[in-house]
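Residue-level structural notes
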Amino acid sequence: MSVVKRKTPQRNLKLNEQKLRVFLQVKPLLVLLCVGLLYFAYFNWQNWLEKLDSKPISSFALLGTPQYTTNSDIREMILKMGELKGFFGQDVNVIREQIQSMPWIKGSVVRKIWPDRLSILVAEYTPVAYWNEDHFVSADGVVFKLPKDKLKNDNMPHLYGPDYQSLIVLDAWQQIFNDLKSKGITLKAVSIDERGSWEIVVENDITLKLGRGEWKSKIDRFMTIYPQIEVPENKKIIYIDLRYKVGAAVHFSDVN
């Protein structure tokens, strides 16, 4: 009669401990192997994709109806990149960043179309005023460049100041414009300097020096005294200094 030996709990515990030790010894190697495979795949997947391409991307379609961006603009930016890769190998993010380097482009979407074509959609900044003469500013205060030959409307306000003050100046323009318009006076330009001192230009190229701080009461004072100013013969008003608590100083020059 044979006797069957049964495994005791202590023996089972020892076997489990041995398996655990083996696993703990092998685990770092498994983790290292997985990391190595992922690392290899990460740095070679682009090469694998490129091998699937038979020809480079060679054409594009500019979608929508952008106001300032033309097919020639897009073509020029893409040509600067050299020859593109194929459908699988080309990274569209690189193209998107290149297109967005045009200063009037707010953002863009670039997609690949099989087998060798791109579709491109752009969002542009729309100028609402000149900024420091050689730039423009959008309705949300973004300062940007735009070739003047692309400008559809040049009848815009002229604003001046540090770039970080663009939205404040734009808001001031709107308020002052409305105030003066109600009195039949045309506003032409608004500026603020680094010290926060305001100046505006109204009809007949008259400059109003408003100084720092609150300017509404000074505008009201100007509108009160302006109709009462007597301009000497062969003279014209150059500027009106309103940086006083009361009254104003009027400066004249000869009429050319």
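Okay, so let's go over this structure. Quick caveat, the model's predicted, so the values are computed rather than measured. (Residues numbered from 1 in each chain as written. Predicted model: local features only at pLDDT ≥ 70, side-chain atom pairs only at ≥ 80, totals over all residues. Heavy atoms only, no water.)

**Side note on the sheet that holds strand E6 (residues 143–144)**
In space, the nine strands of this open sheet follow the order E6-E5-E4-E7-E8-E9-E10-E11-E12, with mixed pairing throughout. A strand with exactly one partner marks an edge of an open sheet, and here the two such strands are E6 and strand E12 (249–254). Bridge analysis of strand E7 (residues 158–160) against strand E8 (residues 187–192) gives three bridges, and the strand direction is parallel. What sits directly across from Tyr160, in E8, is Ser191. Sheet strands touched by helix H4 (residues 166–181): strand E4 (127–131), strand E5 (135–138), E6, E7, E8 and strand E9 (197–202). Its angle to E8, the strand with the most contacts, is close to 145°. Across the sheet, helix H5 (residues 216–225) lies against E9, strand E10 (206–212) and strand E11 (235–241), angled at about 150° from E10, the strand it touches most. (Pairing = 2+ DSSP bridges. Helix = DSSP H or I, 4+ residues; strand = E, 2+ residues; numbered from the N terminus. Contact = heavy atoms within 4.5 Å. Axes fitted to C-alpha atoms, helices over the stretch in contact; angles between N-to-C directions.)

**What to know about the pattern of salt bridges**
If you walk through the whole model with that rule in mind, you get eight salt bridges. With its nearest N and O atoms 2.7 Å apart, the salt bridge here joins Lys150 to Asp73. Taken together, the residues span a long stretch of sequence, with Lys150 in the loop between E6 and E7 and Asp73 in helix H2 (residues 71–79) at a distance of 77 residues. Neither residue differs from the other here; Lys150 and Asp73 are each classed as buried. Measuring nitrogen to oxygen at the nearest pair gives 2.7 Å for the salt bridge that ties Arg243 to Asp241. (Salt bridge = Lys/Arg side-chain N within 4 Å of Asp/Glu carboxyl O. Buried < 20%, exposed > 50% of the residue type's maximum accessible area, 1.4 Å probe, protein only.)

**Observations regarding the sheet that holds strand E3 (residues 117–124)**
Strand order in the open sheet formed by three strands is E1-E3-E2, with mixed pairing between adjacent strands. Bordering the open sheet on either side are strand E1 (59–62) and strand E2 (105–113), each of which pairs with just one other strand. Strand-to-strand twist in this sheet, taken as the mean axis angle between neighbours without regard to direction, amounts to 25°. Where E2 and E3 come together, eight bridges link them in antiparallel fashion. The residue of E3 that forms the bridge with Ile105 is Glu124. Those strands touched by H2 are E1 and E3, and its axis lies near 140° from that of E1. Set on the sheet, helix H3 (residues 92–99) makes contact with E2 and E3; between it and E2 the angle comes to about 150°.

**Here's the deal with the environment of Met81**
Its place among the elements puts Met81 in the loop between H2 and H3. Linking Met81 and Ile95, residues 14 residues apart in sequence, is a C-alpha distance of 8.2 Å. Setting aside anything within four residues of it in sequence, one finds Met81 in contact with Val94, Ile95 and Gln98.

**Thoughts on H5**
Where H5 is concerned, the buried positions are Lys218, Ile219, Arg221, Phe222 and Met223. The inward-facing, buried residues of H5 contact H4, E9, E10 and E11.

**Focus on the packing of aromatic side chains**
Evaluated as defined, the whole model comprises nine aromatic pairs. Seen in terms of ring centroids, Phe87 and Trp114 are 5.4 Å apart; in terms of plane orientation they differ by 80°. Their pairing is edge-to-face. Of the two residues, Phe87 sits in the loop between H2 and H3 while Trp114 sits in the loop between E2 and E3, which places them 27 residues apart along the sequence. Aromatic side chains Tyr125 and Phe144 sit 5.4 Å apart centroid to centroid with 25° between the ring planes, which places their arrangement in the stacked category. Of this pair, Tyr125 sits in the loop between E3 and E4 while Phe144 sits in strand E6, and the two are 19 residues apart along the sequence. Each member of the pair, Tyr125 as well as Phe144, carries the same accessibility label: buried. Among the aromatic residues, those joined into a ring-pair cluster are Tyr125, Tyr130, Phe136 and Phe144. The ring of Phe87 carries Lys112 above its face, with NZ or CZ at 5.6 Å from the centroid. (Phe/Tyr/Trp six-rings, centres within 6.5 Å; stacked < 30°, edge-to-face > 60°. Lys NZ or Arg CZ within 6 Å of the ring centre and 35° of its normal.)

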